[in-house]
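Architecture and fold: a report
Residue strings, one per chain:
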Amino acid sequence: MSASLSRPRVGVWLIGARGSVATTVVTGCAAIAAGLHPPTGMVTETAAFTGSGLPALPDLVFGGHDTLDCPLPKRAESLTAGGVLPPGVATAVNAELAAVDREIRPGGPAPGDTRGETELITAFADDLRDFLHRHELERAVVVNVASTEPASPGPDGPLPASTLYALAALRAGCPYVNFTPSEGMHHPVAAREAERGGLPHAGRDGKTGQTLLRAVLGPMFAQRTLTVRAWSGTNLLGGGDGAALADPAAAAAKNAGKERVLADTLGTVPQGEVHIDDVPALGDWKTAWDHIAFDGFLGTRMILQTIWQGCDSALAAPLVLDLARLTARAHEAGMSGPLGALGFYFKDPVGDGPSGLAQQYEELVRFGRRLGEADGGDRGTRAVRDTEETGGAR
């Protein structure tokens, strides 16, 4: 995407760059920059962040890694046919999609890949450095939007792919955002490197649907002192996410964040669990159903049921753009370590902090204000610390 010569450009490097979420991110950014659609769902485009010094959408340059070879324009056609993208938009920004597709490099480890972990990390980091150099970018933020991985076998087992990418980001000097439940920077090996690296990072697992609603309803029950006896849920979804989460180990990693929100907002873990069913016919759409049993005054037993139907890619895309812009600005301002004020966007944010959506939003706005007050010097030297002003890094 073109940018004014007077403004620095910022890279956004997407892991899973040919997936539904990444394709929607790139298409949406190009459409908004061209004035074809408003920035619906982007918190960073509201008045609260006008003075935060965030990079402008036309100044974002996209690239990424993927193990798939379906070109982005073709992927966008498929998403349009499925109703994810509105008619005509992918055609209108076809040139931008093709340009980004040329910036996507082979990911890994792919079937038959004989490279070891060190070789893969080096190759991924070299791809990032080449991207920064060729486009003369001020910085690039790596965002993981790939399919959910099963939980890793432990610190002594092989490094999961998400952690290989996280280590490559650190080696290339790039901030990192984990929008997935995969281990990424949470792996002990990457966590140690992150602590030494002095780079900002955020995650994990974007809060887009069912858990977003839980983050609102949980505090309501707690504040009204209504005892929640059981909270059960079911997710029906298709597409790549549905296929990935058909693996019980991957589903367990996904559900951990959903359960954490309830534990944090209610102060206890109610009976019930979340079931995830792969329904390929749904494509990129999903339905989430919750059944909440609670006690009212004098022990009167009551039920609340909710149904959430939506498109995960369209819910996720504006959050990814928000996170890339906020993390890039934090890097420019010299912040390092976990960006806890971005917990508003995640099911399982790093460290401790408020779990209710309203409190998380207030913390995010304070963070945006702080970014606006920061200069661009001393990059990577000023740690994000718990302060009353920001509400604390997690």
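Please read these numbers as outputs of a predicted model, since none were measured by experiment.

On to the overall build of the protein chain, then. Within the protein chain, the secondary structure is distributed over 12 helices and 12 strands. Counting only contacts in the protein chain whose residues sit at least 6 apart along the sequence, the fraction spanning at least 24 positions is 79%. Surface accessibility of the protein chain: about 16,700 Å² in total, with carbon and sulfur atoms responsible for 54%.

On to the pattern of salt bridges. Tallied over the entire structure, the rule returns 16 salt bridges. Where D101 meets R18, a salt bridge forms, and the shortest distance between an N and an O atom there is 2.9 Å. Highlighted residues: D101 in helix α4 (residues 94-101) and R18 in the loop between β1 (10-15) and α1 (20-33), separated in sequence by 83 residues. As far as burial versus exposure is concerned, D101 and R18 are alike and both buried. Where D113 meets R115, a salt bridge forms, and the shortest distance between an N and an O atom there is 2.9 Å. Residue R115 is classed as partly exposed on the basis of its relative accessible area, which comes to 32%. Through salt bridges with shared partners, one network takes in E103, D130 and R134.

The next point concerns the sheet that holds strand β9 (residues 285-295). What the 4 strands build is an open sheet, ordered β8-β7-β9-β10; its pairing is mixed. A single partner strand is all that each edge strand has here, and the edge strands are β8 (274-278) and β10 (301-311). Taking each pair of neighbouring strands and ignoring which way they run, the sheet shows an average axis angle of 10 degrees. When β9 meets β10, the two strands line up antiparallel, connected through 11 bridges.

With that out of the way, let us pick up the packing of helix α11 (residues 312-332) against helix α12 (residues 357-373). α12 packs onto α11 with a crossing angle of 45 degrees between their chain directions and a minimal axis gap of 10 Å. In terms of axis orientation, α11 runs oblique to α12. Here α11 and α12 pass one another in a crossing that is left-handed. Every residue of α12 that contacts α11 at L326, R329 and A330 is listed here: L364, F367 and L371. Taken together, the residues that form the contact of α11 with α12 break down as 5 nonpolar, no polar and 1 charged.

Moving on to the side chain of R214. Within the secondary structure, R214 sits in helix α8 (residues 210-223). At a separation of 2.9 Å, a polar atom in the side chain of R214 contacts the side chain of D290.

Along strand β6 (residues 200-203), one buried face is formed by P200 and A202 and the opposite face, lined by H201 and G203, is buried too. For the crossover that starts at strand β5 (residues 176-178), traverses helix α7 (residues 188-197) and ends in the parallel β6, the hand is right-handed. Pairing of β6 with strand β11 (residues 335-338), which is carried by 2 bridges, proceeds in the parallel orientation. Across the sheet, the residue bridging to P200 is G337, located in β11.

Now for the packing of α1 against helix α2 (residues 72-81). At a closest axis distance of 10 Å, the pairing of α1 and α2 adopts a crossing angle of 95 degrees. On the basis of the axis angle, α1 is roughly perpendicular to α2. Along its contact with α1, which presents S20, T23, T24 and T27, the element α2 presents L72, R75, A76 and L79. Class assignment of the residues belonging to the contact of α1 with α2 gives a composition of 3 nonpolar, 4 polar and 1 charged.

Here the focus is the packing of aromatic side chains. For the structure on display, the rule yields 6 aromatic pairs. Aromatic side chains F344 and Y345 sit 5.1 Å apart centroid to centroid with 85 degrees between the ring planes, which places their arrangement in the edge-to-face category. The pair formed by F344 and Y345 is uniform in burial state, with each residue classed as buried. Linked through ring pairs, F221, W231 and F294 together constitute an aromatic cluster.

All right, on to the confidence of the model for the protein chain then. With 88% of its residues at a pLDDT of 70 or more, the protein chain shows a mean pLDDT of 89. Within the model, the stretch residues 1-5 combines pLDDT values under 50 with 14 contacts to residues more than four positions away or in other chains. Under a pLDDT of 50 for its full length, residues 377-394 has, in the predicted model, 61 contacts with residues more than four places off or in other chains.

For the bond running from G108 to P109, omega is -5 degrees, close enough to zero to count as cis. Residue R204 is bonded to the preceding G203 through a cis peptide linkage, with omega at 5 degrees. For R204, the position within the fold is in the loop between β6 and α8. Here D205, not a glycine, exhibits a phi torsion of approximately 70 degrees, which is positive. Within the secondary structure, D205 sits in the loop between β6 and α8.

Calculation notes
- Residues numbered from 1 in each chain as written.
- Predicted model: local features only at pLDDT ≥ 70, side-chain atom pairs only at ≥ 80, totals over all residues.
- Heavy atoms only, no water.
- Helix = DSSP H or I, 4+ residues; strand = E, 2+ residues; numbered from the N terminus.
- Contact = heavy atoms within 4.5 Å.
- Areas by Shrake-Rupley, 256 points an atom, 1.4 Å probe, with all protein chains shown as cover.
- Salt bridge = Lys/Arg side-chain N within 4 Å of Asp/Glu carboxyl O.
- Buried < 20%, exposed > 50% of the residue type's maximum accessible area, 1.4 Å probe, protein only.
- Pairing = 2+ DSSP bridges.
- Axes fitted to C-alpha atoms, helices over the stretch in contact; angles between N-to-C directions.
- Parallel < 35°, antiparallel > 145°, perpendicular 65-115°, else oblique.
- Left-handed = near helix turned anticlockwise from the far one by under 90°.
- Nonpolar A, V, L, I, M, F, W, Y, C, P; charged D, E, K, R; others polar.
- Polar contact = N/O pair within 3.5 Å; in protein donor to acceptor, adjacent residues only side chain to side chain.
- Right-handed = clockwise from strand over helix to strand, strands pointing away.
- Phe/Tyr/Trp six-rings, centres within 6.5 Å; stacked < 30°, edge-to-face > 60°.
- pLDDT = per-residue confidence, 0-100.

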